[in-house]
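# Results of the structural survey
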Amino acid sequence: MALTKAPADSERLDALITARWERPLSRQLEAIAGRVRAQAAETAGVDPDTGVAAVLGYGSCLRDVSPADGLADFYVLMADGMPVSTSRFARLGCRIAAPNVYYAECDHEGTRLRAKFAVLPLRQFEARVSRRTENPYFWARFAQPCALLSCREDARERVFGAVRTAVVTMLQQSLLLCDGKARLDDVWLTGLQATYGTELRSESGARAGAIMAADPDWYRGTAEAVLGNDMGKALSRVSDADWARGVSAWKRRRLRGKLLSVLRLAKAAFTFRGGADYLAWKLERHSGVAIELSGWQRRHPILASLWLMPKLYLKGAFR
């Protein structure tokens, strides 16, 4: 029997996503999200009410990091027919290696808030979270809890459907890495660890465990909703052909994902204000390896990366 495309309990999965979207958010998070939405519209040269379909928040800002203490993460999804930027180069970059990444900040009640936000068209987002997209960059992120900060009413159903698809894709693809001794909780743990291996990360297994421990109801609930509460039955629904394709796909993801990560980081050096510092911050955050940049490296991030990447690899900044 081939791996089914439908979740075991669709209603429960929908309820879990809805409950997350209905949770109250901090005034700080809403403030910086408003700035992100306005800046994304300005970058694209569109009206925010018509050009921006939705703004999603994800990552540590929804777990245990205040926007006042860290860098909040957002995705801005542009409405159909709307550009991601007035720059032809940026539009091309988004088509080749989505998403485009930018920086935003604002003052709120005497506190400076900062954010990193990614921009891509809603239609492209829908395609990238599906099982037809081999690289897990998008579906692994949005299979985890996210928040809906703003949304055009006519786009809400599509955004909801995309997040739902991301959860199903992540869990079904992660199941293909589990052996007969695996428990239901192992599916998320195995999948998160595997997705780290497809990016320029040097994360330990403890990182995936800490993320799951921060929201056990989500991870247990979504696993049961998508796969059912009997791990043996879930594994039995996977055919030999599915296993073979799955193992092969994860091997390809590791190599191709790292190449895409390099491409995205290089592109961020141009779209992200202080792009070289962002690249260094990103690697240091995930690896613990301190990176100090010279003035020349900040002015020429692409040339500098040709020298820095081998050096950082030897230090263990990424694998």
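Residues take numbers from 1 onward in each chain, read along the sequence in its written order. At least 70 in pLDDT is required for a residue's local features to be given in this predicted model, at least 80 for side-chain atom pairs to be given and counted, and no such filter applies to totals for whole chains, interfaces and linings, which use all residues. Side-chain descriptors were evaluated using all non-hydrogen atoms of the structure, hydrogens and water having been removed beforehand.

When you tally the buried positions in strand β1 (residues 52-58), you get seven out of seven residues, the bulk of the element. Paired strands, as defined in this entry, are two strands with at least two bridges between them according to DSSP. Secondary structure follows DSSP: runs of H or I at least 4 residues long count as helices, runs of E at least 2 residues long count as strands, and numbering of each begins at the N terminus. Where β1 meets strand β2 (residues 71-78), six bridges bridge the pair, whose relative direction is antiparallel. Paired with A54 across the strands is L77, a residue of β2. Sheet topology places β1 next to strand β5 (residues 146-151); five bridges connect them, and they run antiparallel. If you follow G57 over to β5, its bridge partner there is A147. The rule is simple: take the accessible area with a 1.4 Å probe, protein chains only, and divide by the maximum for that residue type; under 20% is buried, over 50% is exposed, in between is partly exposed.

In this section: the packing of helix α1 (residues 10-21) against helix α10 (residues 216-227). Axis lines are fitted through C-alpha atoms, for helices just across the contact stretch, and the angle between N-to-C directions can take any value from 0 to 180 degrees. At their nearest, the axes of α1 and α10 sit 8 Å apart, and the two run at 155° to each other. Considering the angle they form, α1 stands roughly antiparallel to α10. Judged by residue contacts, R12, L13, L16, I17 and R20 of α1 engage D217, W218, G221, T222, E224, A225 and V226 from α10. Three classes are used, and their members are as follows: Ala, Val, Leu, Ile, Met, Phe, Trp, Tyr, Cys and Pro are nonpolar, Asp, Glu, Lys and Arg are charged, and the others, Gly among them, are polar. Looking at the contact of α1 with α10 residue by residue, the class counts come to six nonpolar, two polar and four charged. To sort the angles, those under 35 degrees are grouped as roughly parallel, those over 145 as roughly antiparallel, those from 65 to 115 as roughly perpendicular, and the leftovers as oblique. Contact between two residues is taken to exist if any of their heavy atoms lie within 4.5 Å; hydrogens are not considered.

Turning to the packing of aromatic side chains, a few remarks are in order. The geometry of two aromatic rings is summed up by the distance between their centres and the angle between their planes. Side-chain rings of Phe, Tyr and Trp, where Trp is taken by its six-membered ring, are said to pair if the distance between their centres is within 6.5 Å; with planes under 30 degrees apart they count as stacked, over 60 as edge-to-face, and otherwise as tilted. Applying the stated criterion across every chain yields a total of eleven aromatic pairs. Measuring from ring centre to ring centre gives 6.1 Å for Y75 and F138, while their planes differ by 85°; the resulting arrangement is edge-to-face. Taken together, the residues Y75 in strand β2 and F138 in helix α6 (residues 137-142) connect sequence positions 63 residues apart. Assessed through its relative accessible area of 1%, Y75 is described here as buried. F138 sits in the buried class, given a relative accessible area of 2%. When the centroid spacing of 4.8 Å and the interplanar angle of 90° are considered together, the rings of W188 and Y219 count as edge-to-face. Of this pair, W188 sits in helix α8 (residues 184-196) while Y219 sits in helix α10, and the two are 31 residues apart along the sequence. According to the relative accessible area criterion, W188 is buried, its value standing at 1%. What makes Y219 buried here is its relative accessible area of 4%. Aromatic rings pair up to connect Y58, Y75, F125, Y137, F138 and F142 into one cluster.

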